Amino acid sequence: MLTDLSIRDVVLIERLDLSFSAGLAVLTGETGAGKSILLDALGLAIGARAESRLVRHGSQQAVVTAVFEPRDPGAFASMFEEHGIEPADQIILRRTLGADGRSRAYLNDEPISVGLMRLVGTALVEIQGQFDQQGLMDAATHREVLDAYAGLGSGEPGCAVEYAAWREAEKAVVTAREKAKKSRENEAFLRFSLEELETLGPEKGEEDALSDERALLRNAEQIVAATNTADDLLNGSEGADLQLRQAARTLEAVAEQVGGDLADALAAIDRAAIELQEASGALARAVAGIDASEGRLETVEERLFTLRETARKHGGDPDDLPEVITALKDQLAMIDGGEERLAELEKAAEAKKQKFIDTAKALSAKRRKAAGKLDGGVNGELPPLKLEKATFQTEIADLPETEWGPHGLDRIQFLVATNPGAPPGPIGKIASGGELSRFLLALKVTLAERGGAPTMIFDEVDSGVGGATAAAVGERLGQLAQSRQVLVVTHSPQVAALGRSHWRVAKGESAGAMITAVDALDDADRLEEIARMLSGANVTEEARAAARRLLQGSDAA
């Protein structure tokens, strides 16, 4: 329930603080007084589109705060937890709107996205504007209304899942057909390319190995010369090996005379000799690894350049060529066994299509069952609204396959007949403006049995009606207010008289500027306001007497 609404600097409203109670509250006032501004302001607080025109002239920003006491705070717990907001018994939505058009949203003083604000706001408040009857004329909205009544939300989730699975399977079939067609068109090229690559026999890492060998071969002469020189220095007639042996023999000849003092030196010479032998072996192996045979460099370079050229032709690197071979084989396999694979995909798609159809038909059955109850409920509300000769009917027709979608197979529209014996037709073409308002109210009263927002706001839903019909509209609004909070912006004295609380919206001048003010009316002021609504600017005693009778009648009701 909406308990408080605080508005700062919105159009003609400079500063306004309102507190609301349960039941039916009415807001009245002359045309242009600013009643719609209140709804625009509340709309900001529940995530409606922000426009800079709403900021009061001369102000830097507008601020609207709406306080709610939800019937079940726990219903929002998971949503709040997901966005890091502490749960509370109250829900406070605040929106700031700068003169530059930028806005910010807050929930319980925590910054949030406007999308989250809209999600929370629409769960708390439903606003029916005076032009929402135009939405009733749009058959595209009728499925949502029926699904809401049937408790299906936005349809049947399973239906959307099966539809998506079917369309995905269909897409796989189309893709497979296109690939098979393209593969067949390129079959000769594919087979030639595969044969060329298999003859080449590329291996991963081969380019690096060939590149290293090429560098080695191009410098083979210098490498061999260097290793030969090094070997001669180590093992030649005057090399290090001979010098070490001579040193060892010289020391061994005197080793006994000096005791063990030369042992360490002889051991070191022995180790050096071993290291020298290992170095010689490493040099020999290095030279042996160089294949300096005639033509080897040319062979390596030819292989390397062929790999690189073939890789460029296939749009990759030499290391990618083994994968290219695999891909070519897959494409050719698709050609060879493509019909069988395509048949499997088509069979799978057909199965998913049938599963979607079965799910959608189950959804249609639920809709048809709900449609009968909805029609009965709405038709039961029409006589009190002075539409006793009218009938309401929900038509559910099959869509062509090209129009099937996640919401199923049904085209749904509301039909009405306003005169006995007349064939039913689309509600927007048969009903007048006043009748549309009453059909809309009858729908809302019927839908209220299945839940809905705890606060409902009607903006001149009684437009185009008067007298006994307006009284009947007020009674239906009062009936709605027994199970939820209802706020009504009205020009009808019959509706205003039924309000549990009454607010008057008036425009006046303050400090040289026009402002909108809202006053809570006591019994005496309320009598005067309803008398004004009955007689106009000049309130007569007869109007006061008529207003008194309306108020007494509402008390009796």
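Reading the values: rules and limits
Residues numbered from 1 in each chain as written. Predicted model: local features only at pLDDT ≥ 70, side-chain atom pairs only at ≥ 80, totals over all residues. Heavy atoms only, no water. Helix = DSSP H or I, 4+ residues; strand = E, 2+ residues; numbered from the N terminus. Rg over C-alpha atoms; globule rule 2.2 N^0.38 Å. Buried < 20%, exposed > 50% of the residue type's maximum accessible area, 1.4 Å probe, protein only. Areas by Shrake-Rupley, 256 points an atom, 1.4 Å probe, with all protein chains shown as cover. Pairing = 2+ DSSP bridges. Axes fitted to C-alpha atoms, helices over the stretch in contact; angles between N-to-C directions. Domains from an automatic or database assignment. pLDDT = per-residue confidence, 0-100. Patch = residues over 30% accessible without salt bridge, like charges linked within 9 Å, V, L, I, M, F, W, Y side chains within 5 Å. Salt bridge = Lys/Arg side-chain N within 4 Å of Asp/Glu carboxyl O. Lys, Arg positive; Asp, Glu negative; His and termini not counted. Charge placed at Lys NZ, Arg CZ, Asp CG, Glu CD. Core = buried A, V, L, I, M, F, W, Y, C linked by side-chain atoms within 4.5 Å. Contact = heavy atoms within 4.5 Å. Phe/Tyr/Trp six-rings, centres within 6.5 Å; stacked < 30°, edge-to-face > 60°. Expected span 1.5 Å × (residues − 1). Arc of directions from axis to C-beta.

### A look at the overall build of the protein chain
- Scanning the protein chain from terminus to terminus reveals 19 helices and 15 strands.
- Taking 24 Å as the expected radius of gyration for a compact globule of 557 residues, we find that the protein chain reaches 45 Å, considerably beyond that expectation.
- The principal-axis extent of the C-alpha atoms belonging to the protein chain is close to 150 × 70 × 45 Å.
- Burial status across the protein chain gives 42% buried among its 557 residues.
- When the accessible surface of the protein chain is summed, it comes to about 29400 Å², and 50% of that surface belongs to carbon and sulfur atoms.

### Notes on the sheet that holds strand β5 (residues 91-98)
- Strand order in the open sheet formed by six strands is β2-β1-β4-β5-β6-β7, with antiparallel pairing between adjacent strands. Of all the strands in the sheet, the pair left with one neighbour each is β2 (13-19) and β7 (110-112). On average, adjacent strands in this sheet sit at an angle of 15 degrees to one another, irrespective of strand direction.
- As defined by bridge partners, strand β1 (residues 2-10) adjoins β2 across six bridges and the pair is classed as antiparallel. From the neighbouring strand, S6 faces β2, where its bridge partner is D17.

### Description of the domain arrangement of the protein chain
- Segmenting the protein chain into domains produces domain 1 (2-151 + 386-521) and domain 2 (175-338).
- Here the C-alpha centroids of domain 1 and domain 2 sit 81 Å apart.

### Examining the confidence of the model for the protein chain
- Averaged over the protein chain, the pLDDT score is 84; the fraction of residues at 70 or greater is 90%.
- Within the protein chain, the lowest mean pLDDT, 57, falls on helix α4 (residues 133-137), and the highest, 95, falls on strand β4 (residues 61-68).

### Quick notes on helix α1 (residues 35-45)
- The element α1 is largely enclosed, with a buried count of nine among its 11 residues.
- Of all the positions in α1, only K35, I37, L38, L39, A41, L42, G43, L44 and A45 are classed as buried.
- Just downstream of α1, G47 is the residue with a positive phi angle, here 95 degrees.

### Digging into a negative patch on the surface
- A contiguous patch of negative charge on the surface is contributed by D519, D522, D523 and D525.
- With respect to the helices and strands, the residue D519 is situated in strand β15 (residues 513-520).
- Taking the relative accessible area as the measure of exposure, D519 reaches 37% and is therefore partly exposed.

### Side note on the nonpolar core
- Counting residues in hydrophobic clusters, the biggest one holds 49 residues, and the most contacted among them are L374, F392, F439, F458 and L477.
- In contact with F392, other than residues within four places in its own chain, are L374, D375, V378, N379, L382, F414, L415, V416, F439 and L443.
- Core analysis: the next-biggest nonpolar cluster, separate from the first, contains 46 residues, L16, A62, A105 and L487 among them.

### Digging into the packing of aromatic side chains
- Per the counting criterion, the structure on display carries eight aromatic pairs.
- Taken together, a centroid distance of 6.0 Å and an interplanar angle of 55 degrees make the contact between W166 and W404 tilted. Placement of W166 in helix α6 (residues 157-185) and of W404 in the loop between β9 (391-398) and β10 (410-417) is noted, with a sequence separation of 238 residues between them. Take W166 and W404: they sit in the same class, and that class is buried.

### Notes on the pattern of salt bridges
- Summed over all chains, the structure comprises 27 salt bridges.
- One salt bridge in this structure joins K171 and E168, with 3.9 Å as the shortest N-O distance. Of the two residues, K171 and E168 both sit in helix α6, three residues apart, roughly one turn of that helix.
- Judged by its relative accessible area of 49%, E168 is partly exposed.
- Residue K329 is joined to E198 by a salt bridge in which the shortest nitrogen-to-oxygen separation is 3.6 Å. A residue pair is termed long-range when its members are at least 10 positions apart, and K329 in helix α13 (residues 321-381) and E198 in helix α7 (residues 187-200) qualify at 131 residues.
- Residue class for K329 comes out partly exposed when judged on its relative accessible area of 42%.

### Here's the deal with unusual backbone geometry
- In this structure, D9 takes a positive phi of about 60 degrees despite not being glycine.
- Relative to the assigned elements, D9 resides in strand β1.
- The exposure class of D9 is buried, given its relative accessible area of 19%.
- Phi at D109 is positive, roughly 70 degrees, even though this residue is not glycine.
- Summarising the element assignment, D109 is placed in the loop between β6 (103-107) and β7.

### With respect to α7
- Spanning 14 residues, α7 covers 20 Å between terminal C-alpha atoms, matching the ideal 20 Å at 1.5 Å per step.
- For α7, the complete set of buried residues consists of L190, S193, L194, L197 and L200. End-on view of α7: buried residues confined to an arc of 125 degrees, all on one side of the axis. Set apart from the buried face of α7 by more than 90 degrees, the exposed residues are A188, F192, E195 and T199.

### Brief notes about the sheet that holds strand β12 (residues 455-459)
- The strand order across the open sheet formed by six strands is β8-β12-β13-β3-β14-β15, and the pairing between neighbours is mixed. If you trace the sheet from one side to the other, it starts and ends with β8 (125-128) and β15, each paired once. Looking at each pair of strands side by side, their axes are set apart by 20 degrees on average, direction ignored.
- Sheet analysis places β8 next to β12, joined by four bridges and oriented parallel. Residue pairing in the sheet places I127 in a bridge with I457 of β12.
- Sheet contacts for helix α3 (residues 114-124): β8 and β12; angle to β8, the most-contacted strand, approximately 75 degrees.

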